[in-house]
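For reference, the chains in residue letters:
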Amino acid sequence: MANHNRLLISVDVEEFDIPEEFGGQVSPTEKLAVSYTGVLQVLELFALYKVRATFFITAYWAQHFPELVQQIASEHEVASHAFYHHAFQTSDLEASRLMLEQISGQPVTGFRMPRLQPVNLDELRIAGYHYDASLNPTWLPGRYNNWHRPRTPFKENGIWIVPSAVSPICRYPVFWLSVKNAPLWMSRHFSKTILKRDGLLSFYFHPWELSPLDQYTLPAYIRHVSGVKIQQKLAAFLHFLKKNGKFCTHRQLLSEIGGE
């Protein structure tokens, strides 16, 4: 039954620094502003389709836009995306959590490492987190190989791990890059396959994708479908998902399965 399916939509709110991975340059002000504009568009989209989501936000970004973070917190879950997107040290775990709690006015129990890099779960637990959403259990060349990891939520070292959605058997990932570049029918097909097997789908994307990216030093697979094109595609994808499950936050899901 579709009503039993859970849809975890999450948004990685960060400084727009991805052009620097490909030799481009973006000013500090523009890095913040591109994501700010994108967040406003995301909130409009979520209001249209009545999406409850989890926003993984860097503390640095939140410090610059506290009123918008408070607006997000009034409808959605706020979680940590570290303190900065471009650099990380262990002390950032607790510092980002405390800063986001102070700004948002809500408990921050979840974490996602920038670029889905590994995070030490013992350090995460000590820093006060209950769950980690940094795992994409598939193989992404040049990034990570998590083919052997579980596809559905599990507990490790006292921390709940909430993986991103991948299909059974072939481990096709339903995430920002695939939804951006694949035909919509393919994203729908694999989403149905995942929901039929797991009753759960965890999909994430970035606000900066909703801005026009043609002017930036980025590969075509990131740059081409952006701005209005990705807004329309996300709208169609969310419309499809809404008919096949119930939107909920990460914290809400873990509460339902006894993890929070």
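Quick look at the structure, then. (Residues numbered from 1 in each chain as written. Predicted model: local features only at pLDDT ≥ 70, side-chain atom pairs only at ≥ 80, totals over all residues. Heavy atoms only, no water.)

## Here we look at the pairing of strand 2 (residues 53–57)
Most of strand 2 is tucked away, with 5 of its 5 residues classed as buried. Burial along strand 2 is two-sided: A53, F55 and I57 facing one way and T54 and F56 facing the other are all buried. Here strand 1 (residues 6–13) runs beside strand 2; their pairing, made up of 5 bridges, is parallel. Paired with I9 across the two strands is A53, which belongs to strand 2. In this structure, strand 2 lies alongside strand 3 (residues 77–80), joined through 4 bridges in parallel fashion. (Buried < 20%, exposed > 50% of the residue type's maximum accessible area, 1.4 Å probe, protein only. Helix = DSSP H or I, 4+ residues; strand = E, 2+ residues; numbered from the N terminus. Pairing = 2+ DSSP bridges.)

## Things to note about the side chain of R112
With respect to the secondary-structure elements, R112 resides in the loop between strand 4 (110–111) and helix 5 (121–126). Judged by its relative accessible area of 0%, R112 is buried. A distance of 2.7 Å separates the side chain of R112 from the backbone oxygen of A133, its partner in a polar contact. With near-sequence residues (within four places) excluded, R112 lies in contact with S10, D12, F56, S80, H81, A82, D132, A133, S134, Y204 and H250. (Polar contact = N/O pair within 3.5 Å; in protein donor to acceptor, adjacent residues only side chain to side chain. Contact = heavy atoms within 4.5 Å.)

## A word on helix 7 (residues 184–198)
The terminal C-alpha atoms of helix 7 lie 21 Å apart, and with 15 residues this matches the ideal 21 Å at 1.5 Å per residue to within 8%. Among all positions in helix 7, only L184, S187, F190, S191, I194 and L195 are buried. Looking straight down helix 7, one finds its buried side chains confined to an arc of 140°; they lie on one side. Opposite the buried face of helix 7, by more than 90 degrees, sit the exposed residues W185, K196 and R197. Downstream of helix 7 by a residue or two, G199 has a phi angle that is positive, lying close to 70°. (Expected span 1.5 Å × (residues − 1). Arc of directions from axis to C-beta.)

## A few points about the nonpolar core
If you look at the biggest cluster of nonpolar residues, it comprises 76 residues, and the most contacted ones within it are I9, F46, F55, I57 and F205. Looking at this core, the element that brings in the most residues is helix 1 (residues 28–49), giving 8 residues. Counting 11 residues, the second-largest nonpolar core is a separate cluster that includes A79, W160, V162 and C248. (Core = buried A, V, L, I, M, F, W, Y, C linked by side-chain atoms within 4.5 Å.)

## Remarks on empty space enclosed by the protein
Across all of its chains, the model carries 1 cavity of 30 Å³ or more by this definition. Size it by volume and the largest cavity reaches roughly 70 Å³. Sorting the residues of the lining of the largest cavity by element identifies helix 7 and strand 10 (200–205) as the ones contributing at least two each. In terms of residues, the lining of the largest cavity owes the most to one element, strand 10, which gives 3 residues. Residues belonging to the lining of the largest cavity are distributed by class as follows: 7 nonpolar, 3 polar and 2 charged. (1 Å grid on protein atoms, 1.4 Å probe; cavity = no way out; pocket = protein on both sides within 12 Å on 5 of 7 lines; lining within 4 Å. Points joined across faces, edges and corners; volume = space filled by probe spheres on them. Nonpolar A, V, L, I, M, F, W, Y, C, P; charged D, E, K, R; others polar.)

## A few points about the packing of aromatic side chains
Summed over the entire model, instances satisfying the criterion amount to 16 aromatic pairs. Centre to centre, the rings of W176 and W208 are 5.5 Å apart; their planes meet at 75°, and the pair counts as edge-to-face. Of the two residues, W176 is situated in helix 6 (residues 176–181) and W208 in the loop between strand 10 and helix 8 (220–223); the sequence distance between them amounts to 32 residues. Accessibility classification places W176 together with W208 in one group, the buried group. Between F237 and F240 the ring centres are 6.2 Å apart and the planes differ by 20°, which places this aromatic pair in the stacked class. Of this pair, F237 and F240 are both found in helix 9 (residues 228–242), 3 residues apart, which corresponds to roughly one turn of the helix. Just as F237 is buried, F240 falls in that class too. The rings of F46, F55, F203, F205, F237 and F240 are connected pair by pair, giving a single aromatic cluster. (Phe/Tyr/Trp six-rings, centres within 6.5 Å; stacked < 30°, edge-to-face > 60°.)

## What to know about helix 9
For helix 9, spanning 15 residues, the distance from its first C-alpha to its last is 21 Å, which sits close to the expected 21 Å at 1.5 Å a residue. For helix 9, the complete set of buried residues consists of I230, K233, L234, A235, F237, L238, F240 and L241.

## Here's the deal with the pattern of salt bridges
This structure, assessed with the given rule, holds 12 salt bridges. A salt bridge links R115 to E21; the nearest nitrogen and oxygen atoms lie 2.8 Å apart. Of the two residues, R115 is situated in the loop between strand 4 and helix 5 and E21 in the loop between strand 1 and helix 1; the sequence distance between them amounts to 94 residues. With its nearest N and O atoms 3.0 Å apart, the salt bridge here joins R149 to E156. What makes E156 partly exposed here is its relative accessible area of 29%. Linked by salt bridges that have partners in common, D17, E21, R115 and R143 make up one network. (Salt bridge = Lys/Arg side-chain N within 4 Å of Asp/Glu carboxyl O.)

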